[in-house]
Amino acid sequence: MHKLNLSSTIAVLVASTSQLFCSTASSSFLSLLLFLPSGTSAFVSKPALSRWHSPRLTPTTAKKITRINDQPISYCMSQLQLQRQQQHHRQKIRSCSLSSTLQDIPTETEIVEEEEDDVFGDYVQMIDSTPIGELSVEDVTIIDAIMMDISSSITANNDDDDTHDMNHEAAELVERLLWRIVDEYKAALEKNGNAEEEEFFPPTIEMFHMAITSWAKCGAAENAESIIQRMQELHDESDNIDLSPNTESFAICINAWATRQRSFHANAEKKDEIINAAKRADDTLSCMLDLHNAGHPDALPKAATFGTVIEMWSSVASTYREGEGGAIDAAKHAHELLQTLMDLYLDGSENDNRDDKNGPISPDAATFCAVIRALTNSGMDGAVDRAEAVFDKMIDANIQPDASIFRSLIDAWTKSNEVDAPERAEDLLRRMKEDFGVDVTSAVYNGVIQAWGNVAENNQGASERILSLLDDMDDLYLNDEEEAGPDVTSFNCALKALSYSKEKGVDRQAYDTFQRMEDMNIAPNAASYVYLIKSLARGRSRGAAERAEDMLKSALGMFPDSLSSEEKEGYITVELFNHVLTAWAKSSGENSPQKAEMLLAFMDELSSKEDDSIRSLKPNVRSFTAVLDAWTQHGEWEGVNH
């Protein structure tokens, strides 16, 4: 059987091309055509390659493989492209005179100007057409380089269908080339008994990782798992192939499941998929721990791998409603995994059981944050105390907390029903700045403001603390700490808290806070108007009703542009109008009853319009009662009868 050496074929093509366009080229060209085996004459791409265009050789590949048969690899690949175009002219050469046909054969310059063809795809077809065991070391080396280039071309973005399809086709191609290298090495072992690396190119674990990574970036975790299983099977089958999966192999597979989970997380209907991804990643982590405990140090999970799985369980907890069993179980399991990691960390610190690249197996702040967030979202009894215990454990391990840790803890206190929640949240803010030197952000301040807002209705000092926190944020902003400056969320948290406060003068405080927001060029949104109107309706300050109605008109003017129909239904409500009607009822102004009745008529008019979002504004019992109160307060019994 004629053995095909593809790299030699390319080299012959390179050597012959320079003679192709000379006046005495006919014998050289014909000898080139005769040399090429029949397997290389067909360049029909498979359907899987039809939409995928291979990248050019990257500098990494060029550095790894620079020459084939004393010719630069890039030049050889360009000649392969030239060869493909020359195939289209074979029939002409056979049926026409050589001199006339040579004029139609494209030159290298013309090829560069034409649209780039799928050179790698054609090379793969040449590989596929070659019997197993007939490739040379140089051929396999080129395959390895092609795998590297194709794998690096796969993006982690699979949102649109075209990118998704191209990524999957590329991953399929990388895996197909991998198994061809494995088959070549198996054939060499069968033929020679014990293949030496100098004569044969054995598959390496890096090649398998390229294939696993390719599928991982596609989110095709099952495919990544399948390759790992095949690695273990190859290891068990032959003493010559040492390809047992290691820490990196498993970590890539776990990352594949994490990628899969993230792709579903925005879809509430995919809860089962989100949970399944976490379970499959957790199973892989458990397998690593079992192997490590059985005496395989190469299977020891890194802290980052633990962190990925813990983060996945934290995501599972957030898919449930607070207090549901699934959320609680997910949070507990995330907590258990953190404890396992801490045990390994302490064991590694005492016995020098270290990872060569990353030092001791030390959890980082992000891992602790994921556990705290899972506990916070679970709604379990004592969640905030558990979260605080996790924080204390992190400090004991000399791990520096970051802003996200404090934000999660403050959120935990904000969501709790503990009486001292605002004080505990504000104490965390103080420790963040003074004890740990962590830069505060507006998000952290907003959490503390919200904690005070939750108790504003029954806590006489809540509004004062809220306004003081806004002052602190303003001072930080003026001192060039822009990330800590107040934003619309900050002001809305304050306005919402003031709207629930029963303290005297709260309406004036709310109005001043709103004006302060506008003075800082922070544009109010729909929620800002709603909370302000509620605050104005609760107070009895002079002009409160007029300001409330002015704010209502401003809010109505901005709603069509700022909110969807569904969002408008949440803000433009009968209750919002009723707050203004109540403000008129409390007002001592001479025309207050008439203003209230005019607003009542306006509500009735709006409710008759075709817009579904405001059709529900038909006045209710409370609306009429507020207008009745307005007439009664002024002793206008005729108005009451009307």
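Because the structure is predicted, anything quoted here is derived from the model rather than measured.

**With respect to the overall build of the protein**
Along its length, the protein carries 31 helices and two strands. Of all 642 residues assigned to the protein, the portion counted as buried reaches 49%. Of the contacts formed within the protein by residues at least 6 apart in sequence, a portion of 72% connects residues at least 24 apart. Taken as a whole, the protein presents about 31,100 Å² of accessible surface, with 46% of it coming from carbon and sulfur.

**Section: the packing of helix α11 (residues 205–218) against helix α12 (residues 221–237)**
Between α11 and α12, whose axes approach to 8 Å, the crossing angle comes to 160 degrees. Judged on the interaxial angle alone, α12 and α11 are roughly antiparallel. As α11 runs across α12, the sense of the crossing is right-handed. On the side of α11, the interface is formed by Ile205, Phe208, Ala211, Ile212 and Trp215, while α12 contributes Asn223, Ala224, Ile227, Ile228, Met231 and Leu234. Of the residues assigned to the contact of α11 with α12, the class counts are 10 nonpolar, one polar and no charged.

**Observations regarding the nonpolar core**
Counting residues in each nonpolar core, the largest one holds 164 residues, and the members touching the most others are Met147, Leu177, Phe208 and Ile405. Element by element, the count of residues in this core is highest for helix α16 (residues 325–351), at 10 residues. Among residues more than four places away in sequence, those in contact with Ile405 are Ala365, Phe368, Cys369, Ile372, Phe391 and Met394.

**Some points on the environment of Leu135**
Locating Leu135 in the fold gives a position in the loop between α8 (119–128) and α9 (137–153). Sequence spacing of Leu135 and Arg180 is 45 residues, and the spatial spacing of their C-alpha atoms is 9.9 Å.

**What about the side chain of Ser592?**
Here Ser592 is to be found in helix α29 (residues 592–607). Of the residues examined, Ser592 reaches a relative accessible area of 0% and is grouped as buried. Residue contacts for Ser592: discarding those within four places in its chain leaves Trp584, Ser587 and His634.

**Examining the pattern of salt bridges**
Summed over all chains, the structure comprises 17 salt bridges. Taking the shortest distance from any N to any O, the salt bridge between Arg516 and Asp474 comes out at 3.8 Å. Highlighted residues: Arg516 in helix α24 (residues 506–519) and Asp474 in helix α22 (residues 462–478), separated in sequence by 42 residues. Between Asp604 and Lys618 there is a salt bridge; the shortest N-O distance is 3.7 Å. Of this pair, Asp604 sits in helix α29 while Lys618 sits in the loop between α29 and α30 (621–633), placing them 14 residues apart in sequence.

**Considerations on α12**
With 17 residues, α12 should reach 24 Å at 1.5 Å per residue; the first-to-last C-alpha distance of 24 Å fits that figure. Buried within α12 we find Ala221, Ala224, Glu225, Ile227, Ile228, Met231 and Leu234.

**Section: the state of the cysteines**
Scanning the model with the defined rule gives zero disulfides in all. Considering cysteine sulfurs only, Cys253 is the nearest to Cys287, which forms no disulfide, with 9.7 Å between them.

**Topic: a negative patch on the surface**
A contiguous patch of negative charge, built from Asp439, Asp480, Glu481, Glu482 and Glu483, is present on the exposed surface. The residue Asp439 is located in the loop between α20 (421–434) and α21 (442–454) in this model.

**Here we look at unusual backbone geometry**
Despite not being glycine, Asn398 shows a phi value in the positive range, around 60 degrees. Relative to the helices and strands, Asn398 resides in the loop between α18 (383–396) and α19 (403–415). What makes Asn398 exposed here is its relative accessible area of 73%. Not every positive phi belongs to a glycine, and Asn521 is a case in point at roughly 60 degrees. With respect to the element layout, Asn521 can be found in the loop between α24 and α25 (526–538). Given the relative accessible area of 74%, Asn521 is considered exposed.

**What to know about the packing of aromatic side chains**
Under the definition given, this model contains six aromatic pairs. When the centroid spacing of 5.6 Å and the interplanar angle of 75 degrees are considered together, the rings of Trp179 and Phe208 count as edge-to-face. Residue Trp179 is found in helix α10 (residues 161–192), and its partner Phe208 is found in helix α11; the two are separated by 29 residues along the sequence. In this pair, the class of Trp179 matches that of Phe208, namely buried.

**Observations concerning the confidence of the model for the protein**
Mean pLDDT over the protein stands at 75; residues scoring 70 or higher make up 71%. When the elements of the protein are averaged for pLDDT, helix α2 (residues 26–35) gives the smallest value, 28, and α20 the largest, 93. For residues 1–77, every residue scores under 50 in pLDDT, and the model assigns this stretch 137 contacts once sequence neighbours within four places are set aside. In the predicted structure, residues 349–359 sits below a pLDDT of 50 and forms 10 contacts with residues beyond four places in sequence or in another chain.

**Considering helix α23 (residues 488–500)**
With 13 residues, α23 should reach 18 Å at 1.5 Å per residue; the first-to-last C-alpha distance of 19 Å fits that figure. By the burial criterion, the buried members of α23 are Ser490, Phe491, Asn492, Cys493, Ala494, Leu495, Ala497, Leu498 and Ser499. The inward-facing, buried residues of α23 abut α21, α22, α24 and α25. Capping the start of α23, Asp487 holds a side-chain oxygen 3.1 Å from the backbone nitrogen of Thr489, two or three residues further along.

**Overview of the environment of Pro401**
Of note, Pro401 is situated in the loop between α18 and α19. Assessed through its relative accessible area of 3%, Pro401 is described here as buried. Taking the C-alpha atoms as reference, Pro401 lies 8.8 Å from Cys369; in sequence the two are 32 residues apart. What Pro401 contacts, discounting residues up to four positions off in sequence, is Phe391, Met394, Ile395, Phe406, Phe436 and Val438.

Cut-offs and rules
- Residues numbered from 1 in each chain as written.
- Predicted model: local features only at pLDDT ≥ 70, side-chain atom pairs only at ≥ 80, totals over all residues.
- Heavy atoms only, no water.
- Helix = DSSP H or I, 4+ residues; strand = E, 2+ residues; numbered from the N terminus.
- Buried < 20%, exposed > 50% of the residue type's maximum accessible area, 1.4 Å probe, protein only.
- Contact = heavy atoms within 4.5 Å.
- Areas by Shrake-Rupley, 256 points an atom, 1.4 Å probe, with all protein chains shown as cover.
- Axes fitted to C-alpha atoms, helices over the stretch in contact; angles between N-to-C directions.
- Parallel < 35°, antiparallel > 145°, perpendicular 65-115°, else oblique.
- Left-handed = near helix turned anticlockwise from the far one by under 90°.
- Nonpolar A, V, L, I, M, F, W, Y, C, P; charged D, E, K, R; others polar.
- Core = buried A, V, L, I, M, F, W, Y, C linked by side-chain atoms within 4.5 Å.
- Salt bridge = Lys/Arg side-chain N within 4 Å of Asp/Glu carboxyl O.
- Expected span 1.5 Å × (residues − 1).
- Disulfide = S-S within 2.5 Å.
- Patch = residues over 30% accessible without salt bridge, like charges linked within 9 Å, V, L, I, M, F, W, Y side chains within 5 Å.
- Lys, Arg positive; Asp, Glu negative; His and termini not counted.
- Charge placed at Lys NZ, Arg CZ, Asp CG, Glu CD.
- Phe/Tyr/Trp six-rings, centres within 6.5 Å; stacked < 30°, edge-to-face > 60°.
- pLDDT = per-residue confidence, 0-100.
- Polar contact = N/O pair within 3.5 Å; in protein donor to acceptor, adjacent residues only side chain to side chain.

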